[in-house]
Each structure stands twice: as C-alpha cells, then as structure tokens.
Amino acid sequence: MQRLSLCFVLLAALASNSGCATLGPYSPTASLEARGIFQPAKFPAGEWNQTAVLAQDAHFTAADGTKLHGWYVAHEQPKGHALLLHGNAGNVTLLAETLRTLNRRHKLSVLALDYRGFGKSEGKPSEQGLYQDARAARRWLAEKEHIAESDVILMGVSLGGAVAIELAAHEGARGLVLASTFTSLPAAAQSRTPWLPMNFILATRMDSLSKIKDYHGPLLISHGDADEVVPYKQGQALYEAASGPKKFVTVGGGKHNDPQPEEYRLALDEFVDNLPPLAAASLKTASVHLE
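Residues numbered from 1 in each chain as written. Predicted model: local features only at pLDDT ≥ 70, side-chain atom pairs only at ≥ 80, totals over all residues. Heavy atoms only, no water.

Participant: Requested: an account of unusual backbone geometry, with residues and values cited.
Facilitator: Between Phe 43 and Pro 44 the backbone carries a cis peptide bond, its omega angle lying at 15°. Residue position: Pro 44 is located in the loop between strand S1 (39–40) and strand S2 (56–61). The residue Lys 107 is not glycine, and still its phi comes out positive at about 60°. For Lys 107, the location among the structural elements is in the loop between helix H3 (96–105) and strand S6 (108–114). Overall, Lys 107 belongs to the partly exposed group, its relative accessible area being 34%. Within the chain, Ser 158 stands out as a residue other than glycine whose phi angle is a positive 55°. (Helix = DSSP H or I, 4+ residues; strand = E, 2+ residues; numbered from the N terminus. Buried < 20%, exposed > 50% of the residue type's maximum accessible area, 1.4 Å probe, protein only.)

Dropping the structure here:
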C-alpha cells in the first residue's frame, strides 16, 4: 500500500485562494492539485529485476491513446483473474510480494497496472485518466485470459480502491476487493486538515461512497482500525452503503501501510471460492493489442 500524500494540502490551499477550484480540470491550479495527489515513481525508480515473482510485461493503450504498462502473473489453473490497482504513489515494483501472494497463495492470475505517469506508463495522472487506464488494463486481462470483462475481479488498495469502485459501479465485476479505501478524496483530506473546506477546494473527487451503491456483486473490504491516513470509519461507511453479499475484515491495530494478516488471507480464500461462476466461454471481449 502507498500513503496518501499530504503535500497536496498546501496545493489545495493555493487553489482555494485562487477561487478557481470549482472549474475542475479547467482550473489553472488543476495541475498543481494533481501533482500533490499523485506521487508516481517513474522508471527506472524501483526494483524492476524481481526475484519474488516471475512477472511478464503487459503493454496496452487507453482510450485516449496513452500507452500503458503493467505486470502480469499467470496461473495454470486460476480460481480467478484479478486486476490489481495500487495507491497514489510508487509503481508496480512495490507490488511484487502482493503479486506473489495472490498468485501462489490465492491461485489467481493477476495484472498489476501502473497508471499513466507511473513506472513505464506514459502521460500524466488525473482522475478521469486513471479510470481510462483501469478499463484498458481490464480489457487486456480479459483478452489474455479469454474471459468476459465482467469476469475480472477488481482489487484496489487505498486510492486504487476508488478506481476499482468506479469500474465496478458502472460495468460490474465478478468480485470487488478493497483495502484501506476512502469514501471520497475530499473526505480523506478533510480528516487530516479539518481547518480547510476540502470538499470545496479539491476538484479531484473520487466519490466512492455514492458510486458503491450501484455495485451489487460480491464485496470484500479490509481496513485497519488504527489507519492514520484514511479513517477506519470511512471503510465502514463504504461497507454499509454497499448492497449484495459482503464481508468486512477489521485489521486490529492496523495502520495504512501495514501488511494484511492471516485473518484477511483466510477471508480472501473464502471470498474467491464463493465467487459466481465465469460467464459463458462464448462471450467475447473487446479487441485489444497484446504484446
């Protein structure tokens, strides 16, 4: 997991003083806000020669033409096929151990995406850009595994959970797994800066609380009750707002970047074992270039 950056608070204050935050992406401070929220580590930063997991490079293109990169780990007899979406900082190299665990322990084929501007992916990150990137990654994985896009399990960590919720709410998913995810970006920022009206300042919304009500499939949420970045109560609020089969795992004493305990691993095993069956094999996914 990656920590939500706190430096965007100062940038948000600039946006507030300018009176332009309500212009959203057209605001002259939008680029400052984006640089504060998203903290990508560009290649060659990170450990790209991994020994923890034998990952293949995946290359695909977003709807707006941005060229993207991810790490793909196949399983010969997968119980499921997951798209893993990381937080606001770093790149896929930080997910090596997570990929290994999901692949070997939970028997999943997994694609970990680097959003635009992260790792080896081109472009600059933005809220709508991240949503495009995740959709392109899901298409790639579905094509690679010969399954329907709706059969992809969406897994999001922190800010990545907001991206996963966006896709699940609008297009569905075989399952949705969230870890340490906020109700909205302004709400997460507000918890750290109560003296600023973050709901009026930030143009980047990622309003997961309203979106998750439109997802009705299986849901697994984990959240540490000592999370110092995204309050525990925000994870609970997402759980309460969701309909359909769901389970909440409280990580006792868990902070934002702490590893998942065995209790969570057992819950994820059960979650995967109880997912609905794959759609008919005859269903075709959107065409995508594989490299």
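Participant: So what about the pattern of salt bridges? Which residues, and what values?
Facilitator: In this structure the tally under the stated criterion is 10 salt bridges. Measuring nitrogen to oxygen at the nearest pair gives 3.0 Å for the salt bridge that ties Arg 135 to Glu 171. Of this pair, Arg 135 sits in helix H4 (residues 127–145) while Glu 171 sits in helix H5 (residues 159–171), and the two are 36 residues apart along the sequence. Among the residues examined, Glu 171 registers a relative accessible area of 35% and is labelled partly exposed. (Salt bridge = Lys/Arg side-chain N within 4 Å of Asp/Glu carboxyl O.)

Participant: Can you lay out the sheet that holds S6 for me, pointing to particular residues and giving the numbers?
Facilitator: Strand order in the open sheet formed by eight strands is S2-S3-S6-S4-S7-S8-S9-S10, with mixed pairing between adjacent strands. Only two strands of the sheet have a single neighbouring strand rather than two, namely S2 and strand S10 (246–251). Across this sheet, the average inter-strand angle for adjacent strands is 20°, counted without regard to direction. Where strand S7 (residues 153–157) meets strand S8 (residues 175–179), five bridges bridge the pair, whose relative direction is parallel. Bridge pairing in S8 places Met 155 opposite Val 177. Along the sheet, H5 contacts strand S4 (80–85), S7 and S8; its crossing angle with S7, the most-contacted strand, is approximately 150°. (Pairing = 2+ DSSP bridges. Axes fitted to C-alpha atoms, helices over the stretch in contact; angles between N-to-C directions. Contact = heavy atoms within 4.5 Å.)

Participant: Talk me through helix H10 (residues 262–273); I want residue IDs and the actual numbers.
Facilitator: Helix length check: H10 (12 residues) gives 17 Å between terminal C-alpha atoms against 16 Å at 1.5 Å per residue, within 8%. Here H10 has its buried residues at Tyr 264, Arg 265, Ala 267, Leu 268, Asp 269, Phe 271 and Val 272. Close packing links the buried residues of H10 with H3, S6, S7, S8, strand S9 (219–224) and S10. (Expected span 1.5 Å × (residues − 1).)

Participant: Kindly report on the packing of H3 against H10, identifying the contributing residues and their values.
Facilitator: H10 packs onto H3 with a crossing angle of 50° between their chain directions and a minimal axis gap of 12 Å. Between H3 and H10, the crossing angle belongs to the class labelled oblique. As H3 packs across H10, the resulting crossing turns out to be right-handed. Where H3 approaches H10, its residues Thr 101, Leu 102 and Arg 105 are matched on the opposing element by Glu 262, Arg 265, Leu 266, Leu 268 and Asp 269. Among the residues forming the contact of H3 with H10, the class breakdown is three nonpolar, one polar and four charged. (Parallel < 35°, antiparallel > 145°, perpendicular 65-115°, else oblique. Left-handed = near helix turned anticlockwise from the far one by under 90°. Nonpolar A, V, L, I, M, F, W, Y, C, P; charged D, E, K, R; others polar.)

Participant: Could you give me a rundown of the packing of aromatic side chains, with the residues and numbers involved?
Facilitator: The tally for this structure, following the rule as stated, stands at seven aromatic pairs. Their ring planes at 70° and their centres at 5.4 Å tell us that Phe 43 and Trp 48 sit as a pair that is edge-to-face. Overall, the relative accessible area of 44% leaves Phe 43 in the partly exposed class. Ring geometry for Phe 60 versus Trp 140: centroids 6.2 Å apart, planes at 45°, classification tilted. With Phe 60 in strand S2 and Trp 140 in helix H4, the pair connects residues that are 80 residues apart, well separated along the chain. There is no split in this pair, since Phe 60 and Trp 140 are both buried. These aromatic residues form a ring-pair network of at least three members: Phe 43, Trp 48 and Trp 71. The side chain of Lys 120 reaches across the aromatic face of Trp 48, ending 4.9 Å from its centre. In this structure, Lys 246 packs its charged tip against the face of Tyr 239, placed 4.6 Å from the ring centre. (Phe/Tyr/Trp six-rings, centres within 6.5 Å; stacked < 30°, edge-to-face > 60°. Lys NZ or Arg CZ within 6 Å of the ring centre and 35° of its normal.)

Participant: Quick one: what's the story with the packing of H4 against H5, residue by residue and with numbers?
Facilitator: The interhelical angle for the contact between H4 and H5, taken along N-to-C directions, is 65°, at an axis separation of 10 Å. Between H4 and H5, the angle falls in the class roughly perpendicular. Judged by the sense of rotation from one axis to the other, the crossing of H4 with H5 is right-handed. Together, Leu 130, Tyr 131, Ala 134, Arg 135 and Arg 138 of H4 and Leu 159, Ala 162, Val 163, Glu 166, Leu 167, His 170 and Glu 171 of H5 make up the contact between the two elements. When the residues that make up the contact of H4 with H5 are grouped by side-chain class, the tally is seven nonpolar, one polar and four charged.

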